[in-house]
Amino acid sequence: MKSSVPQFNKLLQEAWPAISTIGWASFGKNIVAYDDNGVPKHTGVLSHVVSDGPSMGCNTQALGFLPRPETSAKIVVIKVRLLLASPKCKASMELRNPSVNEWGGGIRSSVNPEEIWALTGLPEIGDHLLCAQVMRECELLTKGDWELITDANTIHMIAAREFVGMSIDQYMALKKLIFNIVSDALTVSKFSY
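Residues numbered from 1 in each chain as written. Predicted model: local features only at pLDDT ≥ 70, side-chain atom pairs only at ≥ 80, totals over all residues. Heavy atoms only, no water.

## Digging into the packing of aromatic side chains
Aromatic rings considered in pairs are described by the distance between their centres and by the relative angle of their planes.
Consideration 1: Within the structure shown, the criterion is met by 3 aromatic pairs.
Consideration 2: Measuring from ring centre to ring centre gives 4.4 Å for Phe8 and Trp117, while their planes differ by 35°; the resulting arrangement is tilted. Taken together, the residues span a long stretch of sequence, with Phe8 in helix H1 (residues 4-19) and Trp117 in strand E4 (residues 115-120) at a distance of 109 residues. Grouping residues by exposure puts Phe8 and Trp117 together as buried.
Consideration 3: Lys175 extends its terminal NZ or CZ atom over the ring of Trp146, reaching a point 4.9 Å from the ring centre. (Phe/Tyr/Trp six-rings, centres within 6.5 Å; stacked < 30°, edge-to-face > 60°. Helix = DSSP H or I, 4+ residues; strand = E, 2+ residues; numbered from the N terminus. Buried < 20%, exposed > 50% of the residue type's maximum accessible area, 1.4 Å probe, protein only. Lys NZ or Arg CZ within 6 Å of the ring centre and 35° of its normal.)

## Overview of the state of the cysteines
Consideration 1: Counted by the stated rule, this structure contains 0 disulfides.
Consideration 2: You can see Cys89 has no disulfide; the closest cysteine sulfur is in Cys131, sitting 15 Å from it.
Consideration 3: Here Cys131 is not cross-linked by a disulfide; its sulfur's nearest cysteine counterpart is in Cys138, at 10.0 Å.
Consideration 4: A relative accessible area of 0% places Cys131 in the buried class. (Disulfide = S-S within 2.5 Å.)

## What to know about helix H5 (residues 155-164)
Note that an α-helix has 3.6 residues per turn; residues three or four places apart therefore point the same way.
Consideration 1: For H5, the set of buried residues is His156, Met157, Ala160, Arg161 and Val164. The buried residues of H5 occupy an angular sector of 135° when projected down its axis, which confines them to one face. For H5, the exposed residues set more than 90 degrees away from the buried face come down to Ile155 and Glu162.
Consideration 2: Here the buried face of H5 lies against helix H3 (124-137), helix H4 (143-149) and helix H6 (168-188).
Consideration 3: Looking at the residues trailing H5, positive phi occurs at Gly165, about 70°. (Arc of directions from axis to C-beta. Contact = heavy atoms within 4.5 Å.)

## Quick word on unusual backbone geometry
Consideration 1: The backbone of His42 sits at a positive phi, close to 65°, despite the residue not being glycine.
Consideration 2: Phi is positive for Asn101, close to 65°, though the residue is something other than glycine.
Consideration 3: Mapped onto the elements, Asn101 comes out in the loop between helix H2 (69-85) and strand E3 (106-108).

In structure tokens form, the structure reads like this:
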């Protein structure tokens, strides 16, 4: 895990300026810029990785402005815990339950299944796609797992898209946008993957 964390964090840092400019409301009719109290949303991201194996450890990094850091910390850990409790699942998106504040955005590594990465702070699908793309570029996800996890037509992704009123075309545009942002960030990153 130790060698993967700097790569993941560096690539996420390189991608953040472009990610922070995404107009999320254009990717779903139910995605709003402010919470019910008028506090801005989607202005920062919190990453978290944990390994539950023999070399147990964790790492957390914040980028941008997190208006409710304690809430973000709880949510990102819930995403990890969902996967720790369900070893056969690849992504917390498969276990999402908005009624009890359980969301997509946590992903199990293809390389080491005891290693789980998670993001929070963006809309749920943004967390999920960004985490998957950064993991893919850091070679933490195989191409097959990345394709499965980011498939727009899985039951869990259909439910997540419907939750925010995101069409399949909007999903594919967001997936491509995040892919391009992370790919561009990789070219300026100092790490070789």
